[in-house]
Amino acid sequence: MKIKGIIKEDAITVPELKEELLNVEAVRLEKGKEMSYELRRSIEHANQIARTSAAKSRSLVDAVLQVEKVKPDVALRIANTMPRTRDEVRAVFGRDKFAHTTEELDQIIDLVITHFN
């Protein structure tokens, strides 16, 4: 498959990706086109790792962005991984410049738990 150009680039969560891939699959099946190996594997992978719905993951990203010192790319990683412990949240932040307090970490964990259920 040849890619002629990028029309638009947005950072999305894995559940949102899953939704988009399922839309592509539906359009291809409707038109009677065969799905490529890569598309089938991508859909399978997204199905396996998506832990929540696209709407819940986007609302989690928006909620996490309200926490002080959280960048958009970190908020997306949090929505994709759904960390449940302080150590997991620290791992998501990686080598971030800021030291996060236990209150901030707990706030993020609480947001994950409320949006996951």
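Procedures and definitions
Note on numbering: residues in each chain are counted from 1, in written sequence order. The predicted nature of this model means local features are confined to residues of pLDDT at least 70 and side-chain atom pairs, given and counted, to a pLDDT of 80 or more, with totals for whole chains, interfaces and linings taken over all residues. Note: side-chain values were computed over all heavy atoms of the structure, leaving out hydrogens and water. Three exposure classes are used, based on accessible area relative to the maximum for each residue type with a 1.4 Å probe and protein chains only: buried under 20%, partly exposed in between, and exposed over 50%. Helix and strand definitions here come from DSSP, where helices need a minimum of 4 consecutive H or I residues and strands a minimum of 2 consecutive E residues; each element is numbered from the N-terminal end. The arc under discussion is defined with respect to the helix axis, by the directions toward the C-beta atoms. By the convention used here, residues are in contact when the closest approach between their heavy atoms is within 4.5 Å. A 3.5 Å cut-off defines polar contacts: any pair of N or O atoms within that distance qualifies, except that in protein one atom must be a possible hydrogen donor and the other a possible acceptor, and neighbouring residues in sequence count only when both atoms are side-chain atoms. Salt bridges are defined by distance alone: a side-chain nitrogen of Lys or Arg within 4 Å of a carboxyl oxygen of Asp or Glu.

K.L.:
I'd like a rundown of helix H5 (residues 86-93), residues and numbers included.
P.N.:
When H5 is considered as a whole, its buried residues turn out to be Val89, Val92 and Phe93. All buried residues of H5 fall inside an arc of 100° around its axis, so they share one side. Away from its buried face, by an angle of more than 90 degrees, H5 presents the exposed residues Asp87 and Ala91. Residues of H5 that are buried make contact with helix H4 (72-81) and helix H6 (102-116). A positive backbone phi angle near 60° is found at Gly94, which sits one or two residues after H5.

K.L.:
Pulling in residues and values, what's your account of the environment of Arg40?
P.N.:
As for its position among the elements, Arg40 is in helix H2 (residues 37-49). For Arg40, a relative accessible area of 40% gives the class partly exposed. Along the primary structure Arg40 and Arg51 are separated by 11 residues, whereas in three dimensions their C-alpha atoms are 19 Å apart.

K.L.:
Before we move on, could you go through the side chain of Thr13 and cite the residues and values that matter?
P.N.:
Turning to its location among the elements, Thr13 is positioned in the segment before helix H1 (14-31). Classification of Thr13 by relative accessible area gives buried; the value is 1%. Within polar-contact distance, the side chain of Thr13 engages the side chain of Ser57 at 2.8 Å. Those residues in contact with Thr13 that sit more than four places away from it in its chain are Ser57, Arg58, Val61, Leu76, Ala79 and Asn80.

K.L.:
Explain the pattern of salt bridges to me, and be specific about the residues and the numbers.
P.N.:
Tallying each qualifying case throughout the model produces seven salt bridges. Between Arg77 and Asp73 there is a salt bridge, with its nearest N and O atoms 3.5 Å apart. Pair noted here: Arg77 and Asp73 are both in helix H4, with a separation of four residues, about one helical turn. In this structure, Arg86 engages Asp106 in a salt bridge whose closest nitrogen and oxygen atoms are separated by 2.8 Å. You can see Arg86 sitting in helix H5 and its partner Asp106 sitting in helix H6, a full 20 residues away along the chain. Judged by relative accessible area, which is 36%, Arg86 ranks as partly exposed.

K.L.:
An account of unusual backbone geometry is needed here, citing residue identities and associated values.
P.N.:
Even without a glycine there, the phi angle at Lys69 is positive, about 70°. Along the chain, Lys69 turns up in the loop between helix H3 (54-65) and H4.

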